[in-house]
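This is what each chain is made of:
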Amino acid sequence: MSVRALVVDPSAPAAVRLAEVPDPVPGPGQVLVDVSHASLNYGDLNDARSGRVPVGAVLGSDAAGAVVQAAADGTGPAVGTQVVALTSGAFAERVAIDVGALAEIPKNLEPAQAVALPVAGVAALRSLRAAGLGPGKRVKRVLITGASGGVGRFAVQLAARAGAHVIASVGSATRREGLAEAGADEVLIGLEGLQRPVDVVIDSVGGPQLVAAWNLLAPGGSVQSVGWTSEEPAVFPPYATVGPAKSLTSFVIEGDAGADLAVLTELAAEGAVTVEIGWQGSWDRFNEAAEALRGRRIPGKAVLEVARGELHAPIPSPQD
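Residues numbered from 1 in each chain as written. Predicted model: local features only at pLDDT ≥ 70, side-chain atom pairs only at ≥ 80, totals over all residues. Heavy atoms only, no water.

1. Thoughts on the packing of aromatic side chains
The final tally for this structure, using the stated rule, is 1 aromatic pair. Seen from their ring centres, Trp214 and Phe236 are 6.4 Å apart, and the 85 degrees between their planes marks the pair as edge-to-face. Highlighted residues: Trp214 in helix α6 (residues 207-216) and Phe236 in the loop between β12 (217-225) and β13 (247-250), separated in sequence by 22 residues. Given the relative accessible area of 28%, Phe236 is considered partly exposed. Positioned over the ring face of Trp214 is Lys246, at 4.7 Å from the centre of the ring. Taking NZ or CZ as reference, Arg294 lies 5.6 Å from the ring centre of Tyr42, over its face. (Phe/Tyr/Trp six-rings, centres within 6.5 Å; stacked < 30°, edge-to-face > 60°. Helix = DSSP H or I, 4+ residues; strand = E, 2+ residues; numbered from the N terminus. Buried < 20%, exposed > 50% of the residue type's maximum accessible area, 1.4 Å probe, protein only. Lys NZ or Arg CZ within 6 Å of the ring centre and 35° of its normal.)

Here it is in structure tokens:
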């Protein structure tokens, strides 16, 4: 038996193609999920070209769908439960998922919305937590770069919900839309006009803007580096890192995300966190979504609908 999946192929236009892969066999602590939706992240595009995901392996981290086989060890949700997960190899019709990596989708939350939460939502939640923002902490000035993207929009909302003064930085005027409503106290183009120090930076841009953000950081502050969409080097001048103590911390999602996903899906179901979907369509249109995401033409998230059927021609490029 086999299922269709989006696999890494360096010869394909976006380094990804539809292919048939073996039907997954779940381990004792895993459920089998028929995937209905997946979410495309900027990091997925880099994974496809960088070698971090081997050629022929299934791409993706964000999946939502229905449990079709419960875990053999008796843990996790029952057959028929709608779930969302952060798991490797998510871009397939059927995926075996660790029980600790998933959360049940609340009844009043659509799978297309839930699937936008795993990578972007968990990264926003955990990076803010790592920077010291959360219940019982003092209110901070928080700068969020790349604020119109997936991680950025969630970080704006979560930081505002924690009582912070939120400064959202975007790349152009067209990317400002909706950020004030999401909770941003200030919305800037780049870092123009920002002079007062900030206590926390959630940076997904990298490059020269990371250097500028570091220079704005108050003593005792923290920069969490969650992405590098600029694909430009960050060059720190001599002595830029000498002075009052502050930190630049690399960030990656580690460990099971199920508990954090449960928090995020409940917030989304309550309307306390809004999911912005800037692109949604069949995974047959993967190249279109990838080009729009890489070109920063998508506010929020790109959601892929997993269309079942026989394997057809290669995914068309956006020009076809």
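2. Quick look at the pattern of salt bridges
Inspection of every chain in the model, using the stated rule, returns 12 salt bridges. Taking the shortest distance from any N to any O, the salt bridge between Arg17 and Asp9 comes out at 2.9 Å. Asp9 sits in the buried class, given a relative accessible area of 15%. Close ionic contact of Arg297 with Glu291 constitutes a salt bridge, the shortest N to O distance being 3.8 Å. (Salt bridge = Lys/Arg side-chain N within 4 Å of Asp/Glu carboxyl O.)

3. Examining the environment of Gly207
Within the secondary structure, Gly207 is located in helix α6. Apart from the residues within four sequence positions on either side, Gly207 is in contact with Trp228, Ser230, Glu232, Pro233 and Ala234. (Contact = heavy atoms within 4.5 Å.)

4. Looking at the nonpolar core
By size, the foremost hydrophobic cluster in this structure holds 48 residues, and its most contacted members are Leu128, Val142, Ile144, Val156, Leu158, Ala159 and Leu179. Secondary-structure elements contributing two or more residues to this core are β5 (82-86), α2 (111-114), α3 (118-130), β8 (141-144), α4 (150-161), β9 (165-170), β11 (198-203) and α7 (258-270). In terms of residue count, the dominant contributor to this core is α3 (7 residues). Discounting chain neighbours no more than four positions away, the residues touching Ile144 are Gly152, Ala155, Val156, Ala159, Val166, Ile167, Ala168, Ser169 and Ile202. Core analysis: the next-biggest nonpolar cluster, separate from the first, contains 45 residues, Val16, Leu293, Ile298 and Val306 among them. (Core = buried A, V, L, I, M, F, W, Y, C linked by side-chain atoms within 4.5 Å.)

5. Overview of helix α1 (residues 42-50)
Regarding α1, the residues found buried are Tyr42, Asp44, Leu45, Asp47 and Ala48. The inward-facing, buried residues of α1 abut β1 (2-8), β2 (16-22), β3 (30-40) and α8 (286-294). Taken from the residues just after α1, Gly51 is the one with a positive phi, measuring 95 degrees.

6. Some words on the sheet that holds β13
Across the sheet, which stays open at both edges, the 6 strands sit in the order β10-β9-β8-β11-β12-β13 with parallel pairing between neighbours. Where the open sheet ends on each side, the last strands, each with one partner, are β10 (186-189) and β13. Ignoring which end each strand starts from, the neighbouring axes of this sheet average 20 degrees apart. Judged from the 4 bridges that link them, β9 and β10 form a sheet pairing that is parallel. Of the residues in β10, the one forming a bridge with Ala168 is Val187. Across the face of the sheet, α6 comes into contact with β8, β9, β11, β12 and β13 while running at roughly 150 degrees to β12. (Pairing = 2+ DSSP bridges. Axes fitted to C-alpha atoms, helices over the stretch in contact; angles between N-to-C directions.)

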